[in-house]
2 protein chains.
Amino acid sequence: MTEKQFEFSEKKVRVYFGGNFNMLGEMLDKESAVLITDDNIYSHHSEKFAGWKTIVLRAGEKFKNQKTVDEIINRLIELHADRQTFIVGIGGGVVTDITGYAASVYMRGVQFGFVPTSILGMVDASVGGKNGVDVGVYKNLVGTITHPRFLLYDYSFLETLPKKEWINGFAEIIKHACIKDRNMFDFLKENTLDYFRDSIDNTGTLIQKNVEIKYNIVANDERETGDRKLLNFGHTLGHAIENTAGLPHGSAISIGMIAACAISEKINGFPAFATKEVEQLLSLYQLPVSYAVDKERTWQVLLHDKKKSGKDMNFIVLNEIGKASVKKIPLSELKEIFFNLS
Amino acid sequence: MTEKQFEFSEKKVRVYFGGNFNMLGEMLDKESAVLITDDNIYSHHSEKFAGWKTIVLRAGEKFKNQKTVDEIINRLIELHADRQTFIVGIGGGVVTDITGYAASVYMRGVQFGFVPTSILGMVDASVGGKNGVDVGVYKNLVGTITHPRFLLYDYSFLETLPKKEWINGFAEIIKHACIKDRNMFDFLKENTLDYFRDSIDNTGTLIQKNVEIKYNIVANDERETGDRKLLNFGHTLGHAIENTAGLPHGSAISIGMIAACAISEKINGFPAFATKEVEQLLSLYQLPVSYAVDKERTWQVLLHDKKKSGKDMNFIVLNEIGKASVKKIPLSELKEIFFNLS
């Protein structure tokens, strides 16, 4: 027998903070580009899409599935999209996740960029290259890790963002503070959701800080073998209840973070007063901190979490506010703790 | 506005020439691995799969579509496959293309390897990281470029390979000779299909040579921006007639190579006697060199070829036997030549 070994390698992401949607007209050729958005964004900003080939998706997490990807692929064929076509996803996390996925597999990958329009999209979903769709109740079960060529931040989209979407987005900002940045945690404590809603400038600065936190983690661990796992803080339980209970992502992971704090107390010496502090900050940003979870059903979904590894779960715990670790917990032990959470 | 830039990077492929299927038992944990094959291979080699979790697909190109991928994803969920699961595709090009694609997107990518069982799979389909499925008549329109962790060549699978599949595979071997290796072209001229069918050892040597030719091209141009395009020799017309006419891949690209030789004569000074030589070699290996093509329909499919770039086609022409180039041909000119081919 002969054994041989062959080697390979890839990407740069340009990020424009405080840019303007109209820059797309300078960056891309309208003839060969395809924009993808949802009917919500399109109805608020239809004038922006004039002259662009645009695919308009139905808005909402329930359309974040393979069927929508299949529809996008068929539309791309109809539009004669080829390898030179540049695709731009304009919207919240659902639109950018699904656009990134469709662009990553169409013709084995065409170039794409994002214009995130929600806080959640700006600080989290569009950042880091993860894309994909849900399969039934399993969140993001199918997808790829492929970075966009650019991220264009046009904060004017935030002017039409409903308050509930601001709340949704701050869950991920608080998550970043919990796992990586005690100073940002304290800064958030000193302010309120309305403070940021009233000042796009301050929000812009906060968004840029959060993108940098996330990129610093991702750049060192693109395939999530180490530090990137920390970004899943609150997401193991969060994802499991998100689709089973039909909660918004931010609400689900807010509850997930509180549960993860309680588990951190039990297995990682995280102090109870710190859990209280996290709870207070989430409440300050109007996020829910408790929910009547259907534990049996949630557990069944949790067993399919991507962070499960054989008979263990890679669970994210806090050491202190601003510092997190990955703990491999046997599923049997996690189940015991989970079913005993109040 | 602030502009920032973030950077990233990836892989090694182990190739075991002349190995044995049973090595899988040493390389992988039967508990956590999942094998994917088709009912054809499974019926001939069911004993090999004893004790392994196995997904058996229906054999044939017509099942190489998203629906089959969706079925695989659902089976992986049922089997509780997680990020530690190792998936192995065992079969011809359809099985390895679809397995590589499903593994690349399940949980955003789990590890996988291939045991190619056909000549075509061994010298081409399983080599180079391209995977995917067809969308209607459009070949491999959706997929990724993701390398397997290993390729395990067990030549004993060739003992049950039908003669028509040998013929199919030699089309790609002759393609490699045409674009890169005049010596191999001459060596093939001196032998016959039966010579190789009667000697697994000689076939093994030929296969290894072809894998090395392809890997050398791919390693230098993974994303097909340069030399890798040469591997598409015969494939632009080939793919267009493969699914419209329902021809085997080898037959379709054999006809495609002859057409590409005729086009090379017209636009690249390729000598007519050399086209004759290619035709004779294809005939020696029992491949068809002409076919009554439905030109209008073929042209419509060709317009969706992945090698189309705006108003041009990146077409592969021969300079001489063993040397090829990419020529950007305006679609209007290609259409003119194509409709005038005898």
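Residues numbered from 1 in each chain as written. Chains lettered and ligands numbered in written order. Predicted model: local features only at pLDDT ≥ 70, side-chain atom pairs only at ≥ 80, totals over all residues. Heavy atoms only, no water.

K.L.:
Before we move on, can you summarise the UniProt feature "domain: 3-dehydroquinate synthase N-terminal" (unreviewed entry) in chain A with the specific residues and values?
P.N.:
Under the local residue numbering, the UniProt record ascribes the feature "domain: 3-dehydroquinate synthase N-terminal" (unreviewed entry) to residues 55-167 of chain A. With 34% helix and 22% strand, residues 55-167 of chain A has end C-alpha atoms that lie 28 Å from one another. (UniProt positions renumbered as here; feature names shortened; annotations may be inferred. Helix = DSSP H or I, 4+ residues; strand = E, 2+ residues; numbered from the N terminus.)

K.L.:
Can you tell me about the nonpolar core, naming the residues and giving the values?
P.N.:
Formed by 192 residues in total, the largest nonpolar core has its most connected members in Y153, F170 and L188 of chain A together with Y153, F170 and L188 of chain B. Setting aside chain neighbours within four positions, we find Y153 of chain B in contact with V15, Y16, F17, G18, G19, P116, M122, S126, V127, I207 and V211 of chain B. (Core = buried A, V, L, I, M, F, W, Y, C linked by side-chain atoms within 4.5 Å. Buried < 20%, exposed > 50% of the residue type's maximum accessible area, 1.4 Å probe, protein only. Contact = heavy atoms within 4.5 Å.)

K.L.:
Give a description of the side chain of D124 of chain B that names residues and reports values.
P.N.:
All names here are of chain B. Relative to the assigned elements, D124 resides in helix 5 (residues 119-125). Residue classification places D124 among the buried residues on the basis of a relative accessible area of 10%. Beyond its immediate sequence surroundings of up to four residues, D124 is in contact with E172, K175 and K214.

K.L.:
Could you give an account of the sheet that holds strand 11 (residues 312-320) of chain B, with specific residues and numbers?
P.N.:
Residue and element names in this part refer to chain B. In spatial order, the strands read 10-11-12; together these three strands make up an open sheet with antiparallel pairing. Pairing within the sheet leaves two strands with one partner each, and these edge strands are strand 10 (308-309) and strand 12 (323-330). Against the sheet, helix 14 (residues 331-340) touches strand 10, strand 11 and strand 12, its axis set at about 110 degrees to strand 12. (Pairing = 2+ DSSP bridges. Axes fitted to C-alpha atoms, helices over the stretch in contact; angles between N-to-C directions.)

K.L.:
Could you give me a rundown of the interface of chain A and chain B, with the residues and numbers involved?
P.N.:
Chain A puts 62 residues into the contact, and the matching count from chain B is 62 residues. Across the pair R83 of chain A and E224 of chain B runs a salt bridge, and its minimum N-O distance is 3.1 Å. Broken down by secondary-structure element, the contributors of at least two residues to the side of chain A that touches chain B are strand 1 (2-8), strand 2 (11-17), helix 3 (66-78), helix 4 (93-105), strand 8 (138-142), helix 9 (200-219) and strand 10 (308-309) of chain A. Taken together, the residues of the side of chain A that touches chain B break down into 22 nonpolar, 20 polar and 20 charged. (Salt bridge = Lys/Arg side-chain N within 4 Å of Asp/Glu carboxyl O. Nonpolar A, V, L, I, M, F, W, Y, C, P; charged D, E, K, R; others polar.)

K.L.:
Can you lay out the domain arrangement of chain A for me, pointing to particular residues and giving the numbers?
P.N.:
Residue and element names in this part refer to chain A. The domain boundaries assigned to chain A delineate domain 1 (2-160) and domain 2 (163-340). When each unit is reduced to the centre of its C-alpha atoms, the spacing between domain 1 and domain 2 is 25 Å. Facing 26 residues of domain 1, the contacting portion of domain 2 comprises 31 residues. Carbon and sulfur atoms supply 65% of the area that domain 1 and domain 2 bury against each other, a total of about 2,700 Å² over both sides. The largest contributions to the domain 1 side of the interface with domain 2 come from I119, V123 and K139, which together make up 23% of the buried area. If you look at where domain 1 meets domain 2, you find three salt bridges. K139 is the partner of E242 in a salt bridge, and the nearest nitrogen-oxygen pair spans 3.2 Å. For the interface between domain 1 and domain 2, the tally reads seven residue pairs in polar contact (both at pLDDT 80 or more). Of all the secondary-structure elements, those providing two or more residues to the side of domain 1 that touches domain 2 are strand 2, helix 5 (119-125) and strand 8. (Domains from an automatic or database assignment. Buried area = accessible area lost by both parts, 1.4 Å probe. Polar contact = N/O pair within 3.5 Å; in protein donor to acceptor, adjacent residues only side chain to side chain.)

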